[in-house]
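Structure assessment
In case you want the letters, here they are:
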Amino acid sequence: MAFNLLYRSSSSAVLPASTHAPGHTFNTPSFLSLSQDDPARWLFTTTAIILSLLVLEQLVYRYKKAQLPGAAWTIPIIGKLVDSMYPTLENYKEQWDSGALSVVSVFNIFIVMASSTEYSRKILNSPTHAEPCLVNSAKQVLCSDNWVFLTGKSHVEYRRPLNALFTRKALSMYLPIQESIARKHLAQWLEVAKGAKSQAIMMTARAMNMETSLRVFCGTHISERAAREINEKYWDITQALELVNFPLALPGTKVYRAIKARKAAMYWLEIAARRSKAAMAEGHEPECMLDEWIHNISDENYKGRKDFSDKEMAMVIFSFLFASQDAMSSGLIYAFQHLADHPDVMEKVREEQDRVRQGNYDTPLDLDMLDQMTYLQAVIKESMRVMPPVTMVPYKTTKSFPISDDYVVPAGTMIIPSFFNPLHDPSIYPEPEVFRPERWLDPKGLANTNPKNYLVFGSGPHRCIGIEYATMNMTLTIATAATTMQWEHDVTPESGAVE
């Protein structure tokens, strides 16, 4: 995706020295006691074992599959590996269209796909039966003790003090930081665009989001060098969290590089947590999320947990980076694309900006001003509905899960709720592929009276904790861009793809 940007006026065991043979012997099964001069028997035995394992694989797959739609037999060992390595929305749609629940196998990983709103929400709201697993490499990359993998009461208790980091009071502190960074990066985009050549927007948007997140989360407690290193290495983490990846963290693999990137980020984030604690102990006013966190738990009226280590705080901030970086970048890019492709909508956005700001485009934004941007909020909401930044989030069953009257998902199964299908339900969103912000302006309209379908941010106990932060960042960025520049979309074959 690329854009032309123009000015607009007004992210050993050590073995003993000697050993003694045990005082007993084992009788070796006859089929293993093969002579070296009997290669035919070796070949026959090996072939028989391999064929038995392959048959067993098919029988287990058929047993787990039961009556659900899906391939009658799975490709031995690899299953639908190729499709998973090169995923397309069209392939997912084909799978979803096969049934409300369907199955697929990839590298002997049995997967149940949920396409309906009912089953997707049931997965998201059943913490006693399923937990987020993201992808198989997630716990290696993000750390198995990361709070995002907690479930039940422990997750609820851990999340409680974090909710206070996204109150209106906290958001009002973050907003000036977000706006200043947005203005800085948009000005840089315009400088690059002076050559009148289209520029790819993905990595530039990621860089802006990373700087925004690091400064909102850590403020001046993180150095420019640290921010630059985290930004440069974070792409390795994104690549390692693809649905299918080589599972072992061997040198040269994506998972190996991602673990190194996470260690580097955690080093700097722990320093930031330590510095924030020191600053708050000295009586400074909160200037970032870390400060707000420490300030909140230091209050004499606070009754929750207070003993968060530097590592724990760094881990939470790292998880916020993960949650905000890729999804928020994608959401922002799609918003730019939709506005470029719909000049009539862009004109309405600018008219609203003129009315709310009264021509004072250099005046800093505040929450009250953002609240008045109802049309732009509808644009952001509709953009994320048409092209959701996250189309699905894999879960894993912790025990047998009776998801429907006639099917029980086996324990240890990857089960994936679809976000895309509920967001494109024609009974709730007529002409679901059409970008129409106006559908959100009527409080009694189908879109607003069926919030269960709007799964952009998930549902249940693991629903995105930073919804207001993410939407506020997208809103202020588009508001600033709409009043300072014009942009065009160079349409490519990939422009309409949801990745």
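Note: the structure precedes this text.
Residues numbered from 1 in each chain as written. Predicted model: local features only at pLDDT ≥ 70, side-chain atom pairs only at ≥ 80, totals over all residues. Heavy atoms only, no water.

1. Some points on the overall build of the chain
In terms of helices and strands, the chain carries 18 helices and ten strands. The proportion of buried residues among the 499 residues of the chain is 49%. Taken as a whole, the chain presents about 24700 Å² of accessible surface, with 57% of it coming from carbon and sulfur. Computing the positive centroid from 49 side-chain charges and the negative centroid from 54, the chain places the two 5 Å apart. (Helix = DSSP H or I, 4+ residues; strand = E, 2+ residues; numbered from the N terminus. Buried < 20%, exposed > 50% of the residue type's maximum accessible area, 1.4 Å probe, protein only. Areas by Shrake-Rupley, 256 points an atom, 1.4 Å probe, with all protein chains shown as cover. Lys, Arg positive; Asp, Glu negative; His and termini not counted. Charge placed at Lys NZ, Arg CZ, Asp CG, Glu CD.)

2. Comments concerning helix α10 (residues 254–281)
With 28 residues, α10 should reach 40 Å at 1.5 Å per residue; the first-to-last C-alpha distance of 40 Å fits that figure. One or two residues past the end of α10 sits Gly283, with phi positive at roughly 95°. (Expected span 1.5 Å × (residues − 1).)

3. Some thoughts on the packing of aromatic side chains
Enumeration according to the criterion identifies 17 aromatic pairs in this entry. For the pair Tyr61 and Phe110, a centre-to-centre distance of 6.1 Å together with 75° between the ring planes defines the contact as edge-to-face. You can see Tyr61 sitting in helix α1 (residues 39–65) and its partner Phe110 sitting in strand β3 (residues 109–114), a full 49 residues away along the chain. Across this residue pair, the class does not change: Tyr61 and Phe110 are buried. Considering the side-chain rings of Trp189 and Phe336, the 5.7 Å spacing of their centres and the 50° angle between planes classify their relative orientation as tilted. With a gap of 147 residues between them, Trp189 in helix α7 (residues 168–192) and Phe336 in helix α12 (residues 310–341) connect regions that are remote in the sequence. Looking at Phe336, the relative accessible area reads 2%, which means it is buried. When the ring centre of Trp73 is taken as origin, the NZ or CZ atom of Arg62, which lies over that ring, is 4.6 Å away. Positioned above the aromatic ring of Phe149 is the side chain of Lys139, whose terminal nitrogen or guanidinium carbon lies 5.5 Å from the ring centre. (Phe/Tyr/Trp six-rings, centres within 6.5 Å; stacked < 30°, edge-to-face > 60°. Lys NZ or Arg CZ within 6 Å of the ring centre and 35° of its normal.)

4. Points about unusual backbone geometry
Non-glycine residue Asn108 carries a positive phi angle of around 65°. You can see Asn108 is positioned in the loop between β2 (101–106) and β3. Of note, the phi angle at Cys143 is positive, near 85°, even though the residue is not glycine. Examined against the element boundaries, Cys143 turns out to sit in the loop between α5 (138–142) and α6 (152–163).

5. Comments concerning the layout of surface pockets
In this approach, a probe sized like a water molecule rolls over the atoms, and the result shows the empty space that is left. Considered as a void within the structure, the second largest pocket measures approximately 700 Å³ in volume. As for the second largest pocket, its lining consists of 30 residues, and the residues nearest its centre are Gln377, Lys381, Ile467, Glu468 and Thr471. Elements with a contribution of two residues or more to the lining of the second largest pocket: α7, α14 (367–371), α15 (374–386), α17 (446–449) and α18 (467–484). The element contributing the most residues to the lining of the second largest pocket is α15, with six residues. In terms of residue class, the lining of the second largest pocket is made up of 14 nonpolar, nine polar and seven charged. (1 Å grid on protein atoms, 1.4 Å probe; cavity = no way out; pocket = protein on both sides within 12 Å on 5 of 7 lines; lining within 4 Å. Points joined across faces, edges and corners; volume = space filled by probe spheres on them. Nonpolar A, V, L, I, M, F, W, Y, C, P; charged D, E, K, R; others polar.)

6. Regarding the sheet that holds strand β4 (residues 130–132)
Pairing is mixed across the open sheet formed by five strands, whose spatial order is β2-β3-β9-β6-β4. Bordering the open sheet on either side are β2 and β4, each of which pairs with just one other strand. Going across the sheet, the axis of each strand differs from the next one's by a mean of 30°, ignoring polarity. One ladder, built from six bridges, connects β2 with β3; its direction is antiparallel. Bridging from a neighbouring strand, Ser102 pairs with Met113 of β3. (Pairing = 2+ DSSP bridges. Axes fitted to C-alpha atoms, helices over the stretch in contact; angles between N-to-C directions.)

7. Points about empty space enclosed by the protein
Each pocket or cavity is described by its volume, and for the largest cavity that value is around 30 Å³. Looking at the largest cavity, the residues that line it are Glu229, Ile230, Lys233, Tyr234, Ile237, Ala261 and Ala265. Secondary structure elements with two or more residues in the lining of the largest cavity: α9 (224–240) and α10. Classifying every residue of the lining of the largest cavity gives five nonpolar, no polar and two charged.

8. Focus on the pairing of β3
Of all the six residues making up β3, five are buried; the element is thus mostly covered by neighbouring parts of the structure. Between the antiparallel neighbours β2 and β3 lie two residues, among them Phe107 with a positive phi of about 50°. Two elements, β3 and strand β9 (residues 414–417), share four bridges in a ladder whose sense is parallel. The residue bridging Ile111 from the neighbouring strand is Met414, located in β9.

9. A look at the nonpolar core
In terms of nonpolar packing, the biggest core is built from 134 residues, with Tyr174 and Phe320 touching the most fellow members. Apart from the residues lying within four places of it in its own chain, the contact partners of Tyr174 are Leu165, Val216, Cys288, Met289, Glu292, Tyr469 and Met472. Leu89, Tyr92, Val106 and Cys133 belong to the second largest nonpolar core, which has 13 residues in total. (Core = buried A, V, L, I, M, F, W, Y, C linked by side-chain atoms within 4.5 Å. Contact = heavy atoms within 4.5 Å.)

10. Points about the side chain of Thr475
Looking at the secondary structure, you find Thr475 in helix α18. For Thr475, the contacting residues outside a window of four places in its chain are Leu370, Met373, Leu376 and Ile380.

11. Some words on the pattern of salt bridges
In the structure shown here, the tally under the stated rule is 21 salt bridges. Taking the shortest distance from any N to any O, the salt bridge between Arg305 and Asp307 comes out at 2.9 Å. Here the salt bridges do not stand alone but share partners, grouping Arg168, Asp368 and Asp371 into one network. (Salt bridge = Lys/Arg side-chain N within 4 Å of Asp/Glu carboxyl O.)

12. Section: the state of the cysteines
Scanning the entire structure with this criterion turns up zero disulfides. The thiol of Cys143 is unpaired, and the distance to the nearest cysteine sulfur, on Cys218, comes to 16 Å. Of all cysteine sulfurs, the one in Cys218 lies closest to Cys288, which takes part in no disulfide; the gap is 6.5 Å. (Disulfide = S-S within 2.5 Å.)

13. Overview of the packing of α9 against α12
Helix packing geometry: the angle between the two helix axes and the distance between the axes. Contact pair α9 / α12: the axes reach a minimum separation of 12 Å and the direction vectors enclose 80°. With respect to α12, the element α9 is oriented roughly perpendicular. In contact with Ile230, Tyr234, Ile237 and Thr238 of α9, α12 contributes Phe318, Leu321, Phe322, Gln325 and Asp326. (Parallel < 35°, antiparallel > 145°, perpendicular 65-115°, else oblique.)

Geometric descriptors of this kind do not, in isolation, establish any biological role.
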